[in-house]
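Each chain, letter by letter, is given below.
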Amino acid sequence: MVHGWTNLSSSVDSIFLLIVGISVVLLIGVTGTMVYFAVHYRRSKHPRAENIEGNLVLEIVWTLLPTLLVLEIFWVGWKGFVFLRTVPKDAMLVKVTARMWSWHFTYENGATSGVLILPVNKPVKLLITSSDVLHSLSIPAFHVKEDAVPGRENYLWFQPAVTGSYDIFCTEYCGMGHSAMVTKVEVMPERDFAAWYSTAQGQAIAEAARPDGAKLFAEKGCSACHSIDGSPKVGPTLQGVFGHRVTVLTGSKERQITADEAYLRKSLIDPSADVVKGFPPIMPPQKGILTDAEIDALIEYLETLREHGH
Ligand code: CUA
């Protein structure tokens, strides 16, 4: 049996098991003694209570034993904590940016991804921050979790031990799209990773010059709230939106407009100016988050989302 998906799993699990073990022994001991006393000293057998004046040996035992147990729990906990916070020098760096409502990973060579792609058996250090509100990066299979705080860089590290695909969740409530703020870790063999790593670097360079709207749509979190198949999510569907008439609320005034390039551009930069009727005004403004080239690419992409049969 594989013991855990990372090198951390066994260390976290063993401490957890130790504490559970101690708790079970104490539970059985205390409950057993209680039941024994209740039966042995029942009223029919012991009609008159005795006054016990003290027992030095017993008192030393019940002082010393819990003290040693608590110190032991502290010691293994401390050793585990130091291990979790001490990053190996050769760890690979990946920057993690959380935003409403997606995860974005940037590698040392400039490669970017919406999925955390990692080589197996290599330590990795994640530098975690947020571009808007509090989020929290959690990889349950790896036993790791760390808050993403705007204006601050938190870190965690681990070494994946088994190739495969694992869930990443946001575990700090961050608004309407919180539950949709999910992605994956893909742990692959070293060779596959190296191939992806250099390809992704090339792509990143090409995309900086000419961004890909469809990719941005997924990576920048648009798809968490907007479908492209006509179904409503947190936000209106973007299928066939381009050039279509929509009813919007400007302030509290209802009006009809055409979702042309100017409207879509404005809706990206200042989403709460004209909100599509029936949807909450909760989209975070993308000003300063998306580059002009990225906004152009996204609008170009929206233009391709024609309705079927049109
Ligand atoms: Cu991001 Cu919850």
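Use the structure listed above.
This part takes up the packing of aromatic side chains. In this structure the tally under the stated criterion is 14 aromatic pairs. With a centroid separation of 4.8 Å and an interplanar angle of 55°, the aromatic rings of Phe-142 and Tyr-166 are classed as tilted. With a gap of 24 residues between them, Phe-142 in the loop between strand 6 (135-139) and strand 7 (144-148) and Tyr-166 in strand 9 (residues 164-170) connect regions that are remote in the sequence. Here the two residues Phe-142 and Tyr-166 agree in accessibility, since each one is buried. Grouping aromatic residues by their ring pairs yields a cluster made of Tyr-107, Phe-193, Trp-196 and Tyr-197. Sitting above the plane of the Tyr-155 ring, Arg-85 keeps its charged end 4.0 Å from the centroid.

Here we come to the sheet that holds strand 1 (residues 92-99). Taken together, 5 strands build an open sheet; the order of strands is 3-2-1-5-8 and the sheet is mixed. Bordering the open sheet on either side are strand 3 (112-113) and strand 8 (154-158), each of which pairs with just one other strand. Direction of pairing for strand 2 (residues 102-107) relative to strand 3: antiparallel, over a ladder of 2 bridges. Counterpart to Thr-106 in the pairing with strand 3 is Thr-112.

The subject of this paragraph is the sheet that holds strand 4 (residues 116-119). Within the open sheet, the 5 strands sit side by side as 4-10-9-6-7. Their pairing is mixed. The open sheet terminates on both sides in strands that have one partner only, identified here as strand 4 and strand 7. Direction aside, the axes of adjacent strands within the sheet are offset by 20° on average. With 2 bridges joining them, strand 6 and strand 9 adopt antiparallel strand pairing. Bridge pairing in strand 9 places Ser-138 opposite Phe-169.

Moving on, we get to the packing of helix 1 (residues 7-40) against helix 2 (residues 56-85). At a closest axis distance of 10 Å, the pairing of helix 1 and helix 2 adopts a crossing angle of 170°. Judged by the inter-axis angle, helix 1 sits roughly antiparallel to helix 2. Where helix 1 crosses over helix 2, the handedness of that crossing is left-handed. On the side of helix 1, the interface is formed by Asn-7, Leu-8, Ser-11, Val-12, Ile-15, Leu-18, Ile-19 and Ile-22, while helix 2 contributes Leu-69, Glu-72, Ile-73, Val-76, Gly-77, Gly-80, Phe-83 and Leu-84. Of the residues assigned to the contact of helix 1 with helix 2, the class counts are 11 nonpolar, 4 polar and 1 charged.

Residues in a regular strand point their side chains to alternate faces of the sheet. Counting buried positions along strand 1 yields 6 of 8 residues, so the element is predominantly enclosed. Relative to strand 5 (residues 124-130), strand 1 runs parallel, the two sharing 7 bridges. In the strand pairing of strand 5, Leu-93 is matched with Lys-125. Inspection of the sheet shows strand 1 paired to strand 2 by 6 bridges, in the antiparallel sense. When the sheet's bridge partners are listed, Arg-99 is paired in strand 2 with Ser-102. Two successive antiparallel strands, strand 1 and strand 2, enclose a turn made up of 2 residues.

Now for the environment of Pro-236. Here Pro-236 is to be found in the loop between helix 5 (222-225) and strand 11 (245-250). Excluding its chain neighbours within four sequence positions, the residues that come into contact with Pro-236 are His-226, Val-276 and Phe-279.

So, about the packing of helix 6 (residues 261-269) against helix 7 (residues 292-304). Packing of helix 6 against helix 7 brings their axes to within 10 Å, and their N-to-C directions diverge by 130°. By the angle class used here, helix 6 and helix 7 are oblique. Between helix 6 and helix 7 the crossing geometry is right-handed. Contacts from Glu-261, Leu-264, Arg-265, Leu-268 and Ile-269 in helix 6 reach Ile-295, Asp-296, Leu-298, Ile-299 and Leu-302 in helix 7. Its residues assigned to classes, the contact of helix 6 with helix 7 shows 7 nonpolar, no polar and 3 charged.

What counts, and at which threshold
Residues numbered from 1 in each chain as written. Predicted model: local features only at pLDDT ≥ 70, side-chain atom pairs only at ≥ 80, totals over all residues. Heavy atoms only, no water. Phe/Tyr/Trp six-rings, centres within 6.5 Å; stacked < 30°, edge-to-face > 60°. Helix = DSSP H or I, 4+ residues; strand = E, 2+ residues; numbered from the N terminus. Buried < 20%, exposed > 50% of the residue type's maximum accessible area, 1.4 Å probe, protein only. Lys NZ or Arg CZ within 6 Å of the ring centre and 35° of its normal. Pairing = 2+ DSSP bridges. Axes fitted to C-alpha atoms, helices over the stretch in contact; angles between N-to-C directions. Parallel < 35°, antiparallel > 145°, perpendicular 65-115°, else oblique. Left-handed = near helix turned anticlockwise from the far one by under 90°. Contact = heavy atoms within 4.5 Å. Nonpolar A, V, L, I, M, F, W, Y, C, P; charged D, E, K, R; others polar.

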